[in-house]
Amino acid sequence: MAGWDPDPAALAEATRRGAIGSSLDWPDVNADLVVLAAPPDSIANSLEDMDTEALVTDIAGVKTPIVSAASHLPHFVGGHPMAGGETSGASLATRTMFHGATWVLTSNGANPGDVARMAEITRSLGANPVVMTAEEHDAAVARVSHLPHVIAAALMRLADEDPATLSLAGGGFRDLTRIAAGDSTWWAEVLTANAAQVDASIEELQTALDGWRGIIDDNSDGAIDTELEAARIARASLGEHHSQVRVVLLDRPGEIARVGHALETSRVDVRDFQLRHGEHGGGGILTISVKGEGKDALTVALVDEGFEVRVDD
């Protein structure tokens, strides 16, 4: 497997980790499959310059301008793996990044055989391929990915105006605004490329918030409870369930090692860690996100290690 990156350090790290076996002389590509992993503008520019009979795909978070730029290629299937986080770079890659993730494949002008081949490739990585048009994809991700990023950024800016407010930020606020830590340049490109759909989603959110304002002002017939319950049911319908186990860490040696032992004992599927240090000294709260019903086994193992544990669904 060969690869190329304009950043020599990134290329060296990918090679060191075994993600690629050798470097190639871009854009002279002689391959069966070409994967473009870069910001949307860079991918579009690269596609416009490409001339290859190979199957080509990409991982951009917006698809309409990408499939347009690739319209001259005989074998192109746009892709978007719905995985990863606010961080980036080869040093943070994991073998299980795509396990259980949805991987969108675009049908615009694509050969059915090429789509089937890409579906097979994504399944081999543990992902769940979903075929849709670029327009359908962009409308959907505007709601579930791009709009949430705008909301997270707006909330962070609002809270940051008052240091006292920000000092009160707990786990809920941190979870809600986590994606605001993402690469601003990359996200600026994505939001610009999908501006029309993001704008429409913002309008939808404004309408929804206006509705909430009315409900809160006049909570007749338990309207707030009704709306919250409807949201809870919708949230539960997302499918794979992650639970959060919060572990109280004391300022003493060996705390993390004992957490590690509990993880080994419980054999849970861990999806994320977040450590919030105490404001006035050592210790803090370690939040461990686990897949499925693993919270029960992990909780028992942590309690057996002597930890105070708090569990959130």
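Since the structure is predicted, the reported quantities are computational estimates derived from the model, not experimental observations.

1. Details of the packing of helix α5 (residues 134-160) against helix α9 (residues 195-217)
Consideration 1: In the contact formed by α5 and α9, the axes pass within 9 Å of each other and the chain directions differ by 70°. One finds that α5 runs roughly perpendicular with respect to α9. Crossing of α5 against α9: the hand is right-handed. Where α5 abuts α9, its residues D138, A139, A142, R143, H146, L147, V150 and I151 lie against Q197, V198, S201, I202, E204 and L205.

2. With respect to the pairing of strand β7 (residues 128-132)
Consideration 1: Sheet analysis places strand β6 (residues 102-106) next to β7, joined by five bridges and oriented parallel. Looking at β7, one finds that T106 is bridged to M132.
Consideration 2: Once the chain exits β6 it traverses helix α4 (residues 112-124) before rejoining the sheet at β7, and the crossover so formed is right-handed.

3. A look at the nonpolar core
Consideration 1: Counting residues in hydrophobic clusters, the biggest one holds 16 residues, and the most contacted among them are L36, L47, M50, V56, I66, L73 and F76.
Consideration 2: Those elements that provide at least two residues to this core are β3 (33-36), α2 (40-49) and α3 (64-69).
Consideration 3: If we ignore the near neighbours within four places in the chain, the residues touching L47 are L36, V56, I66, A69, A70, H72, L73 and F76.
Consideration 4: Among the nonpolar cores identified, the runner-up in size contains 14 residues, and V245, L286, I288 and A301 belong to it.

4. Quick word on the packing of α2 against helix α8 (residues 184-193)
Consideration 1: Put simply, α2 and α8 touch, their axes get as near as 8 Å, and they point 65° apart. As judged from the angle between their axes, α2 and α8 are roughly perpendicular. Of the residues in α8, those touching α2 at P40, D41 and S42 are W186, E189 and V190.
Consideration 2: Here the contact of α2 with α8 is composed, by residue class, of three nonpolar, one polar and two charged.

Procedures and definitions
Every residue gets a number counted from 1 within its own chain, in the order that chain's sequence is written. Local features in this predicted model are restricted to residues of pLDDT 70 or higher, and side-chain atom pairs are both shown and tallied only at a pLDDT of 80 or more, whereas totals for entire chains, interfaces and linings draw on every residue. Neither water nor hydrogens contribute to the side-chain values; these are computed over all heavy atoms in the structure. Lines fitted to C-alpha atoms define the axes here, with helix axes fitted over just the stretch in contact, and angles between the N-to-C directions of these axes take values from 0 to 180 degrees. Helix and strand definitions here come from DSSP, where helices need a minimum of 4 consecutive H or I residues and strands a minimum of 2 consecutive E residues; each element is numbered from the N-terminal end. In what follows, roughly perpendicular refers to angles from 65 to 115 degrees, roughly parallel to angles under 35, roughly antiparallel to angles over 145, and oblique to any angle outside these ranges. Take the far helix as the reference: if the near one is turned anticlockwise from it by less than a right angle, the crossing is left-handed, and if turned clockwise, right-handed. Throughout, a residue-residue contact means that at least one pair of heavy atoms, one from each residue, lies within 4.5 Å. Only when DSSP finds a minimum of two bridges between them are two strands counted as paired. By convention, orient the strands away from the viewer: a clockwise path from the first strand over the helix to the second makes the crossover right-handed. Among the buried residues, those of types Ala, Val, Leu, Ile, Met, Phe, Trp, Tyr and Cys that are joined through side-chain atoms within 4.5 Å form a nonpolar core. Any residue under 20% of the maximum accessible area for its type is buried, any over 50% is exposed, and the rest in between are partly exposed; the area is computed with a 1.4 Å probe on protein chains only. Ten residues, namely Ala, Val, Leu, Ile, Met, Phe, Trp, Tyr, Cys and Pro, are considered nonpolar, four, namely Asp, Glu, Lys and Arg, are considered charged, and the remaining ones, Gly among them, are considered polar.

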